[in-house]
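The primary structure of each chain is shown beneath.
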Amino acid sequence: MRWLKQIWRSKVVNYMCPKTLNIWWNFGSCLGLLLISQLITGILLSIHYNPNTEEAMGSVYYIMRDVQGGWFVRNCHVSGANFMFICVYLHIGRGLYYGSYLMKSVWFSGMAILILLMAIAFLGYVLPWGSMSYWGAVVITSMLSIVPVVGERLKVWVWGGYVVTNVTLKRFFVLHFVLPFALAGLVMVHVYLLHMGGGSSNPLGVASQAISFHPYYTSKDLVGFTVVYGAMLQFVLLDPDFFMEHLNYKDPDPMKTPKDICPEWYFLFFYAVLRSVPKKTLGILVMFGSILVWALCPYLHLGKYRGLQFYPACQLAFWVMVSDVWLLTGLGGIHADGIVPWVSAVCSAVYFAYFLVCPLLMWLHDKGSKPRIELLFYKYQHGG
Ligand code: HEM
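Residues numbered from 1 in each chain as written. Predicted model: local features only at pLDDT ≥ 70, side-chain atom pairs only at ≥ 80, totals over all residues. Heavy atoms only, no water.

- As recorded in an unreviewed UniProt entry, the protein goes by Cytochrome b and comes from Pinctada imbricata.
- Entered under Sequence similarities (unreviewed entry) in the UniProt record, the comment concerning the protein runs "Belongs to the cytochrome b family." (UniProt positions renumbered as here; feature names shortened; annotations may be inferred.)

### So, the coordination of the iron atom of the ligand
Right, on to step 1. Distances from the iron atom of the ligand to its protein donors, His-91 (NE2) and His-190 (NE2), fall at 2.1 Å.
Right, on to step 2. What the 6 donor atoms of the iron atom of the ligand show is an angle range of 83 to 179° at the metal, which sorts the shape as octahedral. Here the residue His-91 occupies a position in helix α4 (residues 70-97), and His-190 occupies one in helix α8 (residues 166-196), the gap between them amounting to 99 residues. Note on accessibility: His-91 and His-190 belong to one class, buried. (Donors = N, O, S within 2.8 Å, 3.2 Å for Na, K, Ca; no water. Tetrahedral: all angles 85-135°; square planar, octahedral: opposite > 155°, others 65-115°. Helix = DSSP H or I, 4+ residues; strand = E, 2+ residues; numbered from the N terminus. Buried < 20%, exposed > 50% of the residue type's maximum accessible area, 1.4 Å probe, protein only.)

### Quick look at the environment of Asn-202
Right, on to step 1. Tracing the chain through its elements places Asn-202 in the loop between α8 and β2 (210-212).
Right, on to step 2. The spatial distance from the C-alpha of Asn-202 to the C-alpha of Trp-159 is 46 Å, given a sequence separation of 43 residues.
Right, on to step 3. Here Thr-20 takes part through its side chain, which lies 3.4 Å from a polar atom of the side chain of Asn-202. (Polar contact = N/O pair within 3.5 Å; in protein donor to acceptor, adjacent residues only side chain to side chain.)

### What to know about the UniProt feature "binding site: a ubiquinone" (unreviewed entry) in the protein
Right, on to step 1. On the UniProt side, "binding site: a ubiquinone" (unreviewed entry) is annotated at positions that read His-195 here.
Right, on to step 2. One can find His-195 in helix α8.
Right, on to step 3. For His-195, the contacting residues outside a window of four places in its chain are Lys-11 and Tyr-15. (Contact = heavy atoms within 4.5 Å.)

### Describing the state of the cysteines
By definition, a disulfide is the covalent link that joins the sulfur atoms of two cysteine residues.
Right, on to step 1. The final tally for this structure, using the stated rule, is 0 disulfides.
Right, on to step 2. Not engaged in a disulfide, the cysteine Cys-314 finds its nearest cysteine sulfur in Cys-358; these two sulfurs lie 3.8 Å apart.
Right, on to step 3. With relative accessibility at 1%, the residue Cys-314 sits in the buried group.
Right, on to step 4. Residue Cys-358 is classed as buried on the basis of its relative accessible area of 6%. (Disulfide = S-S within 2.5 Å.)

### Describing the packing of helix α2 (residues 27-48) against helix α9 (residues 213-238)
Right, on to step 1. Where α2 meets α9, the closest approach of the two axes is 9 Å, and the angle between their N-to-C directions is 50°. What the angle tells us is that α2 and α9 run oblique. Helix-helix and strand crossings are classified by hand; for α2 and α9 the assignment is right-handed. Here α2 contributes Ser-29, Cys-30, Leu-33, Leu-34 and Ser-37 to the contact with α9, which in turn contributes Asp-221, Gly-224, Phe-225, Val-228, Tyr-229 and Met-232.
Right, on to step 2. A class-by-class count of the residues in the contact of α2 with α9 yields 7 nonpolar, 3 polar and 1 charged. (Axes fitted to C-alpha atoms, helices over the stretch in contact; angles between N-to-C directions. Parallel < 35°, antiparallel > 145°, perpendicular 65-115°, else oblique. Left-handed = near helix turned anticlockwise from the far one by under 90°. Nonpolar A, V, L, I, M, F, W, Y, C, P; charged D, E, K, R; others polar.)

### Re a nonpolar patch on the surface
Right, on to step 1. Among the surface-exposed residues, Ile-23, Trp-24, Ile-86, Leu-90 and Trp-265 lie close enough to one another that they form a single nonpolar patch of about 410 Å² accessible area.
Right, on to step 2. Relative to the helices and strands, Ile-23 is located in the loop between β1 (16-18) and α2.
Right, on to step 3. Since its relative accessible area comes to 53%, Ile-23 is described here as exposed. (Patch = residues over 30% accessible without salt bridge, like charges linked within 9 Å, V, L, I, M, F, W, Y side chains within 5 Å. Areas by Shrake-Rupley, 256 points an atom, 1.4 Å probe, with all protein chains shown as cover. Salt bridge = Lys/Arg side-chain N within 4 Å of Asp/Glu carboxyl O.)

### Comments concerning empty space enclosed by the protein
Right, on to step 1. Using the criterion set out here, one finds 1 cavity of 30 Å³ or more in the structure.
Right, on to step 2. Lining the largest cavity are Leu-96, Tyr-101, Leu-296, Cys-297, Leu-300, His-301, Leu-308, Tyr-354, Phe-355, Cys-358, Pro-359 and Met-362.
Right, on to step 3. Broken down by secondary-structure element, the contributors of at least two residues to the lining of the largest cavity are α12 (297-300) and α14 (340-367).
Right, on to step 4. Considering each element in turn, the lining of the largest cavity owes the most residues, 5 residues, to α14.
Right, on to step 5. Considered class by class, the residues forming the lining of the largest cavity number 11 nonpolar, 1 polar and no charged. (1 Å grid on protein atoms, 1.4 Å probe; cavity = no way out; pocket = protein on both sides within 12 Å on 5 of 7 lines; lining within 4 Å. Points joined across faces, edges and corners; volume = space filled by probe spheres on them.)

### Thoughts on unusual backbone geometry
Right, on to step 1. Residue Pro-215 is reached from His-214 by a cis peptide bond, and omega for that bond is 10°.
Right, on to step 2. Even without being a glycine, Trp-129 presents a positive backbone phi close to 55°.
Right, on to step 3. Mapped onto the elements of the fold, Trp-129 is located in the loop between α5 (104-126) and α6 (131-142).
Right, on to step 4. One non-glycine residue, Val-149, lies in the positive phi region at around 65°.
Right, on to step 5. With respect to the helices and strands, the residue Val-149 is situated in the loop between α6 and α7 (151-159).
Right, on to step 6. Val-149 sits in the exposed class, given a relative accessible area of 86%.

Listed below in structure tokens is the structure:
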């Protein structure tokens, strides 16, 4: 227990943070709390869940109706997954706006976390074995077939046969159980890298006076937890079906693909990017590219200053990009006919362009920058 106390003292009580952290620095710790809550509710659910194509949906109904408090645990797990995505997108948005990506190791570990989080969410969605679960599993895993040479074999290997069956469901359940622990390990590495790299940056992007994490940020995080968890409980208690897809209450029919097949809201952006390219293979590559493009951010940062708050044109570009992501999310949820593929293609191009235009705007701004900005920095640094 002494080592635990030591970690608590050095990493929390005596951990020094900039004085100027704003609300956008709350989401990392909210994500940590949500991850713990997902692990606990997930373990409780797996006690009663049955990974068998004949029994899976029945076992979910059993949890909801017959297990003491089962409905609460399951609703917390489903809403918790959705809130993790809300928080993770806000966390990434903060990173893009305030130039947090300049902490390369933390940024890259974050990207790995997001990819793993998406995989876990996908695997979890398959488990109730409703119509959407089944078709989601078929469509997503079929993407493996684009891998050159070994693609088809890889797909058969993942499925455990030539079609999606009981074997597939069993291995998806095992992976959905195990991978969150790997995610927890990756999050520890993420936070360790943050601490090793000198700790959190701050909204100003310059050295700020430091204060201890405890009690200043523990109390601030407590407010964040209360708001995020409070909002989540609204859904758990008052509208538990809000995040659920009605088609997933139907048994899957392997002979009939549902007309309105579409992924969860947090994947709609990627789905719209995928559909904006007419060729399947290219579409899949572009879709993965929409995350991998973030890896360029630390290298394309051409500005003198860290965040976008000192670059008005970049701020505009940022909000255009955010609106564009919203639009693509909407487009991902509707039928891809008429002008939808065209609009999606334009929006995808706008999204990718942001990562080139923003550094260019920074560079142009700095070329004609006014000393006023330096003066502002000086005033902040000296508490003026
Ligand atoms: C389960 C998911 C995640 C957890 C639990 C998590 C946790 C944290 C925590 C606790 C912090 C410190 C507090 C804060 O700055 O908010 C942090 C900082 C950071 N995270 Fe994450 N994170 C996650 C996902 C991600 C993702 C997906 C990315 C980016 C792709 C990312 C990038 C960063 C960066 C760059 C920082 C440093 C921010 C700064 O000080 O400027 N994180 N993370």
